[in-house]
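Okay, here's what each chain looks like letter by letter:
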Amino acid sequence: MGPTLSHGRCERGSRMSRGYEVEWDGTVVRLPRCAEGTVNFSSWGDAEMALADFVTEVRRRGAGTATVALIPRPDNTHNPYAISVARPAGSGRTPDERHLGFLHDYFLRAVGPVKLPLLARYAVSGEIECTVVVLDDDVSLAIPGKVDLGRLIDEFLAAHPDAPPAGEPPRVGWLSEADAATARCLDLMAPSREPPVVPPTIDDLRLVGYEAHRRGLLITDAGTGRFVGRLQDRILTLTDERVRPAVVEHLVGLGIDVAAPIGGPAGADRGAVERLALIQEATHIQLSPYGENGRPDRSLKVAYYVPLIETLWVASRRLVDPVRRFAERHGLVVTTLHVPLVDWALEQEFDYHDLHGHNAHHRHFGRPGHRPDHRLYRLPHLKALLPVELRKRENLVWGACPDEELPERADQFRVLERYFTDRVALFGAVELADAIVPCRLCGRRTLRFTARWAEGPLAYCGPCRHAAAQGQLGRPDDAPVALRALAEVEFEGRPLVRSQLDQLTPPGDGSRRTAAEVDKLLLLRSFISRSKALAWTKVLIGAGLADEGVRMSRGMVIPAVDQPAIPRTERQRLPD
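Enquirer: Summarise the sheet that holds strand S15 (residues 303-306); cite the residues concerned and give the values.
Expert: Hydrogen bonds along the backbone pair up the strands of a sheet, which may run parallel or antiparallel. Ordered in space as S13-S14-S15-S16-S17, the five strands form an open sheet in which the pairing is mixed. Of all the strands in the sheet, the pair left with one neighbour each is strand S13 (276-280) and strand S17 (336-338). Across this sheet, the average inter-strand angle for adjacent strands is 20°, counted without regard to direction.

The following block contains the structure:
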């Protein structure tokens, strides 16, 4: 039976001897024996048997210590930063044949996953020598504890910034899978092999603003209705790169800020542009190739880009050039570029919150950017406009929205707001002003406007307009309550079809509604879900608006009244 390892013991080494440092003579890297250090490692299967034989040899020599090697194993399928504990290279066998066990993953994470592999690159053999101690049935490494070891390696790397050229590790295990992922991505990213076609002409473009999870402009050809691309956070993505010069010129002529391509001409042949999806999130951009189905394959995270700090992380060295070309074509300034030590190990080597821009957002704005506030805010005085049943909702906060920042610079905000057609859909013809004022429902900053049938200026932000158009605040049970209240103030208590909610109705007597009345109409609409799964006739019946029937597009709907059940004994008395 092999020796029993004390997996539960914590390594010591916090009181390391003064003057301890990594040894390197230009050929061999060694961690000298650390009297205070006791670092355990795991061993199982064939490695456990090999370790037992190794311990027997050490004892046969009458020694309690021996030299072993720490070997980076990027070929390990479980962890590309795995460190093997093995017999020293002088034994003349392969790393697999010399393998005795692995350092624990938790230890490597605490040291820093790439630090031992980086240190090993300074050794000609690619291995780090250290001492193993055999005491009774306990086998451990006499090296510093995780905190001290990480610090010592940092000091060594700072003093020796240029590592000698390293040999290529065997492309098996993790590295084989990484190579396959890189090859697949290069194939998916390859420029289109379709026969060249005449680039579409750009005579007139139609721009429509959208604002749900993200805010931007959809761009279509006004003549054909064909989708051309979209503009979001100054980044222009197009279905055909050859029209980029014309589209950029058109948008700039409208006063819209567009990120210009960096280096090289803006025009490009269809066959010379990599095919990547640019997926924009709140604090970062993910680049992924399009899959065989034509949709972005989000599982292949080719690269991360954080605009706030102009930093790009690329999953593989072989992908750096095409990814950087793509990024710069879309105007993404790359000041800092990171590539993992091991291909396709970005998430293992770099901090998740760095890759997703959360840390940069926190440093810049003083608050985390990875926890979006999904709550909806309404100003406290509006609560009195609602039926009592609707005043308390988990996702509704009665207070001003704390986010007072505009989504763009003030001048750009004024320009882009004119392309958001949802305002016209809700209010009919409107006249936008340049004044930026608080939203009447939540307090966010937005543009003031006027409608012909309303008194005085109005101001409703994009999220509040979206909530009213979609019934975003309401649950299914809320719809009848809100509809009953809305029908009383807007439709004179008459039933209505669902499409009548799309636009606010002017008073029938030709008068003008006050701004406070418009507030109420929008607020009540926000509680009437537009989900197709919600049967409209049931909503009408629940609201008490269908007692005399409702005229629909295909005839009249009249609620059925169930006949009271008749006891069996009574049925026999019914006349023929």
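Enquirer: Report on the pairing of strand S10 (residues 215-221), specifying residues and quantitative values.
Expert: Of all seven residues in S10, six are buried, a share of seventy percent or more. Summarising the sheet, strand S9 (residues 205-211) and S10 pair through seven bridges and their orientation is antiparallel. Within S10, the position partnered with valine 208 by the bridge is leucine 218. Here four bridges tie S10 to strand S11 (residues 227-232), and the two strands are oriented antiparallel to one another. What sits directly across from threonine 220, in S11, is phenylalanine 227. Adjacent in sequence and paired antiparallel, S10 and S11 are bridged by five residues, among which glycine 225 carries a positive phi angle near 80°.

Enquirer: Give a detailed account of the pairing of strand S7 (residues 128-135), specifying residues and quantitative values.
Expert: Most of S7 sits out of view: six of its eight residues are buried. As judged from the two bridges shared by strand S2 (residues 29-30) and S7, these two strands associate in the parallel manner. Counterpart to valine 29 in the pairing with S7 is isoleucine 128. Of the strand pairs in this sheet, strand S4 (residues 65-73) and S7 are connected by six bridges, and their pairing is antiparallel. Paired with alanine 69 across the bridge in S7 is glutamate 129. Pairing analysis gives four bridges linking S7 to strand S8 (residues 138-141), with the strands arranged antiparallel.

Enquirer: So what's going on with the confidence of the model for the chain? Which residues, and what values?
Expert: Per-chain confidence: the chain averages 84 in pLDDT, with 85% of residues scoring 70 or above. Here residues 1-14 is modelled with pLDDT under 50, and outside its nearest four sequence neighbours on either side it reaches 42 contacts, counting other chains as well. Note that pLDDT drops below 50 for residues 560-576; the model gives that stretch two contacts with residues more than four away or on any other chain.

Enquirer: I'd like to hear about unusual backbone geometry, residue by residue, with values.
Expert: One non-glycine residue, arginine 234, lies in positive phi territory at about 70°. Mapped onto the fold, arginine 234 is located in the loop between S11 and strand S12 (235-238). You will see that tryptophan 344, though not glycine, has its phi angle at about 60°, which is positive. Position of tryptophan 344 relative to the elements: it lies in the loop between S17 and helix H9 (346-349). With a relative accessible area of 16%, tryptophan 344 lands in the buried category.

Enquirer: Summarise helix H12 (residues 410-417); cite the residues concerned and give the values.
Expert: Among the residues making up H12, those that are buried are Gln412, Phe413, Leu416 and Glu417. Axial view of H12: buried residues confined to an arc of 125°, hence all on one face. Buried residues belonging to H12 abut S10, helix H13 (422-427), strand S20 (430-438), strand S21 (445-451) and helix H14 (462-470).

Enquirer: Quick rundown of the packing of helix H15 (residues 478-490) against helix H16 (residues 515-525)? Include the residues and the values.
Expert: The interhelical angle for the contact between H15 and H16, taken along N-to-C directions, is 150°, at an axis separation of 9 Å. Taken together, the axis directions place H15 and H16 in an arrangement best described as roughly antiparallel. Both H15 and H16 take part in a crossing whose hand is left-handed. Contact residues: Ala482, Ala485, Leu486, Val489 and Glu490 in H15; Lys520, Leu521, Leu524 and Arg525 in H16. Partitioned by chemical class, the residues of the contact of H15 with H16 number six nonpolar, no polar and three charged.

Enquirer: Which residues make up the sheet that holds S11, and what values go with them?
Expert: Spatially, four strands are ordered S9-S10-S11-S12 in an open sheet, and the strand pairing comes out antiparallel. One side of each edge strand has no neighbouring strand; the edge strands of this open sheet are S9 and S12. On average, each strand axis in the sheet is inclined to that of its neighbour by 20°, with strand direction left out of account. Here S11 pairs with S12 via four bridges, running antiparallel. Paired with glutamine 232 across the bridge in S12 is isoleucine 235. The strands touched by helix H7 (residues 244-253) are S9, S10, S11 and S12; relative to S12, the strand with the most contacts, the crossing angle is about 140°.

Enquirer: I'd like to hear about the nonpolar core, residue by residue, with values.
Expert: Counting 54 residues, the largest nonpolar core has Phe427, Leu483, Val518 and Leu522 as the members making the most contacts within it. Counting only elements with at least two residues in this core, the list comes to strand S18 (376-378), strand S19 (396-398), H13, S21, H14, H15, H16 and helix H17 (536-542). Ranked by the residues each element gives to this core, the list is headed by H15, at seven residues. Apart from the residues within four sequence positions on either side, leucine 522 is in contact with Leu426, Phe427, Leu441, Tyr460, Ala468 and Leu504.

Enquirer: Quick rundown of the environment of alanine 543? Include the residues and the values.
Expert: Assignment of secondary structure puts alanine 543 in the loop between H17 and strand S22 (550-552). Look at alanine 543 and you get buried, because its relative accessible area is 4%. In this structure, the C-alpha to C-alpha distance between alanine 543 and leucine 483, residues 60 residues apart in sequence, is 6.4 Å.

Enquirer: Before we move on, could you go through the packing of aromatic side chains and cite the residues and values that matter?
Expert: Under the definition given, this model contains seven aromatic pairs. When the centroid spacing of 5.3 Å and the interplanar angle of 85° are considered together, the rings of tryptophan 24 and tyrosine 122 count as edge-to-face. On the criterion of sequence distance, the pair formed by tryptophan 24 in strand S1 (residues 23-24) and tyrosine 122 in the loop between helix H4 (115-120) and S7 is long-range, its members being 98 residues apart. Ring geometry for phenylalanine 427 and phenylalanine 449: centres 5.1 Å apart, planes at 55°, overall tilted. Residue phenylalanine 427 is located in helix H13, and its partner phenylalanine 449 is located in strand S21; the two are separated by 22 residues in the primary sequence. Residue phenylalanine 427 is classed as buried on the basis of its relative accessible area, which comes to 1%.

Definitions and limits used
- Residues numbered from 1 in each chain as written.
- Predicted model: local features only at pLDDT ≥ 70, side-chain atom pairs only at ≥ 80, totals over all residues.
- Heavy atoms only, no water.
- Pairing = 2+ DSSP bridges.
- Helix = DSSP H or I, 4+ residues; strand = E, 2+ residues; numbered from the N terminus.
- Axes fitted to C-alpha atoms, helices over the stretch in contact; angles between N-to-C directions.
- Buried < 20%, exposed > 50% of the residue type's maximum accessible area, 1.4 Å probe, protein only.
- pLDDT = per-residue confidence, 0-100.
- Contact = heavy atoms within 4.5 Å.
- Arc of directions from axis to C-beta.
- Parallel < 35°, antiparallel > 145°, perpendicular 65-115°, else oblique.
- Left-handed = near helix turned anticlockwise from the far one by under 90°.
- Nonpolar A, V, L, I, M, F, W, Y, C, P; charged D, E, K, R; others polar.
- Core = buried A, V, L, I, M, F, W, Y, C linked by side-chain atoms within 4.5 Å.
- Phe/Tyr/Trp six-rings, centres within 6.5 Å; stacked < 30°, edge-to-face > 60°.

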